[in-house]
Amino acid sequence: MTQPSAAVAACLSAQNSADESTLPSNHPLTESQARETLIQTLEQAADAVVVIDANNCVTLFNASAEALWGYPRADVLGRNVSMLVPRGIRAQHDQYVGANRDTGTNRIVGTSREVVIERIDGTVRWGSMSISKVFTAAGVLYTAFIRDVTNEVKRREERRLLSLAVNETDSAIIVVGPDGRTIYINDGFTRMLGYQLDDMYGKVPSRVVSGRYTDEKTLEYIGERLAARESFRVEILIYDRSGKPLWIQAVVNIVNDEYGTCRNMVGVWTDITNTKMHEVLQQKALNAMAREAPILNVMLLICLEVERIAPEIIASICSVDQDGRLWTLAAPGLPPEYTKAVDGLDAGPDMQACGVGHSGGKLMVFADAPEDSCWAKFKEPARACGLAQAWSHAIRSSDGRVLGKLAFYYRETREPGTLHRRLIDVSLNLCALALEREASKENIRRLAFYDSLTGLPNRGFLIAHTESLLANAARTNNTLAVLFLDLDRFKHVNDSLGHTAGDVLLCEVAQRLKGCLRALDFVGRLSGDEFVVVLSPCDAGEATALCERIMAELQEPVTVGSTTLRPTASVGIAIFPQHGHDMNTLLLHADMAMYQAKSAGRHRFSVFTPELNRVAQDRLKFEMALRAALQADQLQLHYQPQVRLSDGGIYGVEALARWHHPEFGVVPPDRFVPLAEECGFITELDHGILQKACRQLSEWRAANIVIPHVSVNVSPTTFCDRRLPALIAKTLAACGLLPRDLVLEVTENVVLDNASGGLATLKRVHELGVGLSIDDFGTGYSSLSYLHRLPVDELKLDKSFVRELESDEGARALASAVTGIGTSLRLTIVAEGVENDEQRRILQAQGCQVAQGYFFARPMPAAALTAWMQSRAREAACRNRGLGDFDWAAQTDLDQAG
Ligand SMILES: Nc1nc2c(ncn2[C@@H]2O[C@@H]3COP(=O)(O)O[C@H]4[C@@H](O)[C@H](n5cnc6c(=O)[nH]c(N)nc65)O[C@@H]4COP(=O)(O)O[C@H]3[C@H]2O)c(=O)[nH]1
């Protein structure tokens, strides 16, 4: 055993010697024995004992103290006790002890406190320290008894943390005894449900928190699980102390003792009201939408889910149609009489009950709803199903449009609570999303199946729908008629009045067609100005009768802009099953019949005959031949001179395309140019002719044949090609010609149709320096207003005016007007189709500068024109030598000979 401190012994000895005489005579110990005993006692104490003297020096440091601090006593005895104090407070320790000694302020003597023990190795332990003050002759000694309470402190801290965890969590924790009665609730329970332990103690929790709409089956299930001592997890609607409903998820665990006997059941309840709505309602509805479930199913699901979450609610969702009328989409909890009474009602300002009219996006609450004047129209059914209150809210799209209304009905009057408001918010978003999705789907469907201009079914839908009608007709042995309708001269309207006017006309025609149909008939727009009407059931007789009606209807005047038109159409009819068994064949045959009607002079109908098949095949053959002729460069050019009326000199020549086919013979351009246009190779044709004409002019120049320019016809389609100016520039350069050597003849519609880019090309061509001429002037919907703004150089007076110049005063007046306008705009007037001298005379008198026509010369091949020019040159030379005046008639004779 280690020796007790000598200093302590000295102190004790001094004290004891003073008291020696007072010891009872029967004291069993001698003084030294007592001293020794005391020291040994202190030494062997289980608690650490530290004795310090008046100088704060350690005079006793027992074995337990050595163990507690880790210092051997030799290192401690005689040294200031502050070495045993944690480093952080060591400096102030002497002062602290001093104050205690002098004033007793810190009152550490006679008290017990927990102190930190900083061990020699730096680790920390906790001690419970009590100090006693011993008065001795040698001075005051302080004896500190320190019990190692480190484990206790740790446990206490653990308990504190545990209690923190239990009480600070949002979950409600409840502990019940084996009898199922509450013995503990945490603070979270009070926060979540408002109940204190006193409210719950000794009670069965489910009896306290269940309410009107708590699911009985779930309660039964809970009872069974608890009785079977089995852990479980449930979701259940409960009510807090104030009666507010909330959804919880309860996880209940059984706690058994070491013998397997149930001691407690611990329940952790989580408020899942929000999660329930967001995750369950939202997820289910979104999943349904993602699965492309029909809108009615999605709405039904939302209603059912809302009613499941809050069973006191009866949910209903209505849509608002384009006319502002309400239609029930889902209302599983309302009787059909009620929804029937609502359906078709105006959702306008009078319908406050629907929250659509006046709500301005706010929730409308109608206490005692059936008595509300807004409910007048469905008061009875509302009463019959016991409705007492309704809340409703407009369902709005992201851009604020009212798409429908969401209503919650109640059988009792109640204030809107948080849960129900949240349910409304979530449901509104879902409803808006579903309705907007439906609208976009409808839009996509419309785009996919309907023509965007007229709103009629498009080709795809028309064919698919007719196929099903055909299948039905085949099953029922019925006949069906397909009418192929093509507007007459629509292109002309489009070209002359512009595309907008063309669109207006198409829409009007679509409306008129729809107006003519019977219940089961069907009309669609195939493309451009082609419409198809399917009459089902219908035989040939009925088809022609209806066709006549349609044609009459179409012919009614329609005002497009400032122009009044009388649209006509050519119609082809094919009958199922005689003319085909499938829609494609019927369509093809109706198309052929329409073509026949068109060729026969338009504004008529024609019923398909097998003979037409042959005609169509001929047309196809013709088309292929033209294509081949183009590829093989077999189109030729004839040139017709244009003569100055002032002196008979050559103003220019017009190049006119010619096609000689070994089988078809001479095909006039009036036939093959439109065909090339229809078949899509007109641009190729025009380009080829332009190049050929330029080459020819170049050859004439090389042969000293003086021709000021060549005029070339360019179709509107070619003019819309933005590459045209570049091609012209390249061609002129390749032929060594100047821009002014070329004149392009365009029809009025190129000028009028700004939309298709023709006007822009016209300007660019003019910038090159190439001449521009308006062909057939006066035959279209001439708009004189554009003339002065356009870069045109000449107007070609159409031959239809010239033809009747001598006989018709009106034609004369028109020709004179055109000439007058042209001249005042400094445009050259070129009269076409001049066939006799009288016409020439009148035109010249009216101020027309140039003429072209059989009277002067017919269009002729280049070589013939060369000869014609040479002969004219000879004539001119004679005249110059004074051998005679210019003889127009002589010219004509010469032309005929040429
Ligand atoms: N009755 C009568 N007719 C006369 C007289 N003088 C000339 N003609 C005919 O009148 C038409 C004048 O050509 P256009 O108005 O440009 O009308 C042309 C033009 O629009 C088009 N065309 C001709 N060649 C081409 C071409 O190369 N490209 C394009 N895009 N169209 C062309 O075909 C139309 C018809 O051409 P053609 O049959 O050659 O008919 C020519 C010409 O032969 C006359 O005194 N009396």
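In the nomenclature of an unreviewed UniProt entry, the protein is known as EAL domain-containing protein of Trinickia violacea.

Chemist: Looking at this model, I keep getting lost on helix α32 (residues 862-880). Mind explaining?
Modeler: Counting along an α-helix, one turn takes 3.6 residues, and residues three or four places apart therefore face a common direction. Taking 1.5 Å as the rise per residue, α32 with 19 residues should run 27 Å; its terminal C-alpha atoms sit 26 Å apart, in good agreement. Turning to α32, its buried residues are A862, L865, T866, W868, M869, S871 and R872.

Chemist: Looking at this model, I keep getting lost on the nonpolar core. Mind explaining?
Modeler: Note on soluble globular proteins: their nonpolar side chains tend to be buried together. Membership of the largest hydrophobic core comes to 76 residues, with the highest contact counts inside it found for Y639, L742 and L744. Of the residues forming this core, the biggest block, 8 residues, is contributed by helix α24 (residues 682-702). Counting 39 residues, the second-largest nonpolar core is a separate cluster that includes M289, M299, F408 and L428.

Chemist: What is the right way to look at a negative patch on the surface in this model?
Modeler: There is a patch of like negative charges on the surface, built from D215, E216, E220 and E224. Relative to the helices and strands, D215 resides in the loop between α10 (205-209) and α11 (216-227). Residue D215 is classed as partly exposed on the basis of its relative accessible area, which comes to 40%.

Chemist: Hey, could you run me through the site of the ligand in this one?
Modeler: Within the structure, the ligand sits among 23 residues, and R658, N713, D775, E835 and Y854 are positioned closest to it. Within the side chain of D686, an N or O atom sits 3.1 Å from a nitrogen atom of the ligand. The side chain of E832 places a nitrogen or oxygen atom 3.0 Å from an oxygen atom of the ligand. Considering the ligand on its own, with 780 Å² of exposed area, one finds that the protein chains cover 86% of that surface. Contributions of two or more residues to the shell around the ligand are made by β24 (650-661), α23 (669-679), α24 and β28 (771-777). For the shell around the ligand, the element with the most residues is β24, which contributes 4 residues. Looking at the shell around the ligand residue by residue, the class counts come to 8 nonpolar, 5 polar and 10 charged.

Chemist: Whenever I open this one, the sheet that holds strand β22 (residues 605-607) confuses me. Can you help?
Modeler: Across a sheet, paired strands are connected by hydrogen bonds in the backbone, their directions being either parallel or antiparallel. Taken in spatial order, the 5 strands of this open sheet run β17-β18-β16-β21-β22, and their pairing is mixed. Pairing within the sheet leaves two strands with one partner each, and these edge strands are β17 (522-527) and β22. Pairs of neighbouring strands in the sheet enclose a mean axial angle of 20°, with direction left out of account. Summarising the sheet, strand β16 (residues 480-487) and strand β18 (residues 530-535) pair through 6 bridges and their orientation is antiparallel. The partner of L483 across the bridge, within β18, is V533.

Chemist: Just to check I follow, could you spell out the side chain of S128 for this structure?
Modeler: Summarising the element assignment, S128 is placed in strand β4 (residues 124-136). When neighbours within four sequence positions are excluded, S128 is seen to be in contact with S112, R113, E114, F145, I146, R147 and V149.

Chemist: Would you explain the packing of aromatic side chains in this entry?
Modeler: Aromatic ring pairs are defined here through the distance separating the ring centres and the angle between the ring planes. Taken as a whole, this structure holds 14 aromatic pairs when the rule is applied. Both rings, one in Y639 and one in W700, keep their centres 4.9 Å apart while their planes meet at 75°; by these two values the pair is edge-to-face. With Y639 in strand β23 (residues 636-644) and W700 in helix α24, this residue pair connects regions lying 61 residues apart in the sequence. Grouped by ring-pair contacts, the aromatic residues F449, Y450, F461 and F522 constitute a single cluster. Positioned above the aromatic ring of F622, the side-chain terminus of R671 is 4.1 Å from the ring centre. Stacked on the ring of Y854, the Lys or Arg R858 has its end atom at 3.9 Å from the ring centre.

The rules behind each value
Residues numbered from 1 in each chain as written. Predicted model: local features only at pLDDT ≥ 70, side-chain atom pairs only at ≥ 80, totals over all residues. Heavy atoms only, no water. Helix = DSSP H or I, 4+ residues; strand = E, 2+ residues; numbered from the N terminus. Expected span 1.5 Å × (residues − 1). Buried < 20%, exposed > 50% of the residue type's maximum accessible area, 1.4 Å probe, protein only. Core = buried A, V, L, I, M, F, W, Y, C linked by side-chain atoms within 4.5 Å. Patch = residues over 30% accessible without salt bridge, like charges linked within 9 Å, V, L, I, M, F, W, Y side chains within 5 Å. Areas by Shrake-Rupley, 256 points an atom, 1.4 Å probe, with all protein chains shown as cover. Salt bridge = Lys/Arg side-chain N within 4 Å of Asp/Glu carboxyl O. Lys, Arg positive; Asp, Glu negative; His and termini not counted. Charge placed at Lys NZ, Arg CZ, Asp CG, Glu CD. Near = heavy atom within 4 Å. Polar contact = N/O pair within 3.5 Å; in protein donor to acceptor, adjacent residues only side chain to side chain. Nonpolar A, V, L, I, M, F, W, Y, C, P; charged D, E, K, R; others polar. Pairing = 2+ DSSP bridges. Axes fitted to C-alpha atoms, helices over the stretch in contact; angles between N-to-C directions. Contact = heavy atoms within 4.5 Å. Phe/Tyr/Trp six-rings, centres within 6.5 Å; stacked < 30°, edge-to-face > 60°. Lys NZ or Arg CZ within 6 Å of the ring centre and 35° of its normal.

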